Amino acid sequence: MSSPVFLIGARGCGKTTVGAALALALNYEFCDTDHHLQQVTGKTVADIVAAEGWEGFRQRETESLMAVSAPQTVIATGGGMVLAEINRRFMREQGQVIWLQANAAVLAARLSAYPQSAQRPTLTGRPITEEMSEVLKQREVLYRDAAHHVIDAMQAPERVAAQILAALARSDR
Ligand code: ADP
Ligand code: MG
């Protein structure tokens, strides 16, 4: 198995944290679509959204996804990557898609412990737990639709990574 591994899920579910560990374990490259976008444009996600709106950002996000997709690469995607059908189809066809599933309370607790507010504007301007619930309600069906494997991301990062490795090994058979 050498096709790319795409990690999907809401902000705070651990795509960056777990993805880096997973890449080490697999001896794969690690890429983050948000970081790629920042490198290419020289702007933060917040800057891009301010200048081009969410629609402009989503367009660039699709370009980033396609640019970083490569064999032997673990790809952490932006939380909204699944919104576009073209992204969901691309990921499913090109590689293995892993949904890191966590509930709104856990996500909100992680994000308020480490608020990277400059990284990404909140989507609604409302309290973080409320916003996470709302976002999950809209997106859970899309994460499920896109994913080959659903992993409980509310465990320690090493356990999450181990379960992904096991799921990848099973699907390799
Ligand atoms: P994402 O890339 O999906 O937005 P991150 O990997 O940046 O998420 O994680 C968000 C925050 O949650 C970070 O502070 C990280 O240390 C923490 N975190 C990530 N995964 C876990 C986990 N499995 N258990 C506890 N904390 C975690
Ligand atoms: Mg991340």
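Further up the page is the structure itself.
Residues numbered from 1 in each chain as written. Chains lettered and ligands numbered in written order. Predicted model: local features only at pLDDT ≥ 70, side-chain atom pairs only at ≥ 80, totals over all residues. Heavy atoms only, no water.

**Q** Kindly report on the pairing of strand E1 (residues 5–8), identifying the contributing residues and their values.
**A** Covered by surrounding structure in E1 are Val5 and Leu7 together with Phe6 and Ile8, the residues of both alternating faces. For E1 and strand E3 (residues 73–76), the ladder comprises three bridges, and the chain directions are parallel. Its bridge partner lying in E3, Val5 is registered against Val74. Both E1 and strand E4 (residues 96–101) contribute to a ladder of four bridges, which runs parallel. For Phe6, the partnering residue across the bridge sits in E4 and is Val97. (Buried < 20%, exposed > 50% of the residue type's maximum accessible area, 1.4 Å probe, protein only. Helix = DSSP H or I, 4+ residues; strand = E, 2+ residues; numbered from the N terminus. Pairing = 2+ DSSP bridges.)

**Q** Can you lay out the side chain of Asn87 for me, pointing to particular residues and giving the numbers?
**A** The residue Asn87 is located in helix H4 (residues 85–94) in this model. Beyond its immediate stretch of four places on either side in the chain, Asn87 contacts Thr62, Leu65 and Met81. (Contact = heavy atoms within 4.5 Å.)

**Q** Now, about unusual backbone geometry: what can you tell me, with residues and values included?
**A** Of note in the backbone geometry, Asn27 takes a positive phi value of approximately 60° without being a glycine. On the accessibility criterion, Asn27 (68% relative accessible area) is exposed.

**Q** Could you give an account of the sheet that holds strand E2 (residues 29–32), naming the residues involved and the relevant values?
**A** If you walk across this open sheet you meet the five strands as E2-E3-E1-E4-E5, and the pairing is parallel. Taken across any chain shown, the strands that pair with only one partner, and hence form the sheet edges, are E2 and strand E5 (149–152). Neighbour to neighbour, the strand axes of the sheet diverge by 25° on average, direction disregarded. Note that E2 and E3 share four bridges and pair parallel. (Axes fitted to C-alpha atoms, helices over the stretch in contact; angles between N-to-C directions.)

**Q** Just give me the short version of the site of ligand 1, but keep the residues and values in it.
**A** Taken together, 14 residues surround ligand 1, and among them Gly12, Lys15, Thr16, Thr17 and Gln155 come closest. Within the backbone of Lys15, an N or O atom sits 2.8 Å from an oxygen atom of ligand 1. For ligand 1, the protein covers 74% of the area, taking 560 Å² as the surface of the free molecule. Residue classes in the shell around ligand 1 are distributed as six nonpolar, five polar and three charged. (Near = heavy atom within 4 Å. Polar contact = N/O pair within 3.5 Å; in protein donor to acceptor, adjacent residues only side chain to side chain. Areas by Shrake-Rupley, 256 points an atom, 1.4 Å probe, with all protein chains shown as cover. Nonpolar A, V, L, I, M, F, W, Y, C, P; charged D, E, K, R; others polar.)

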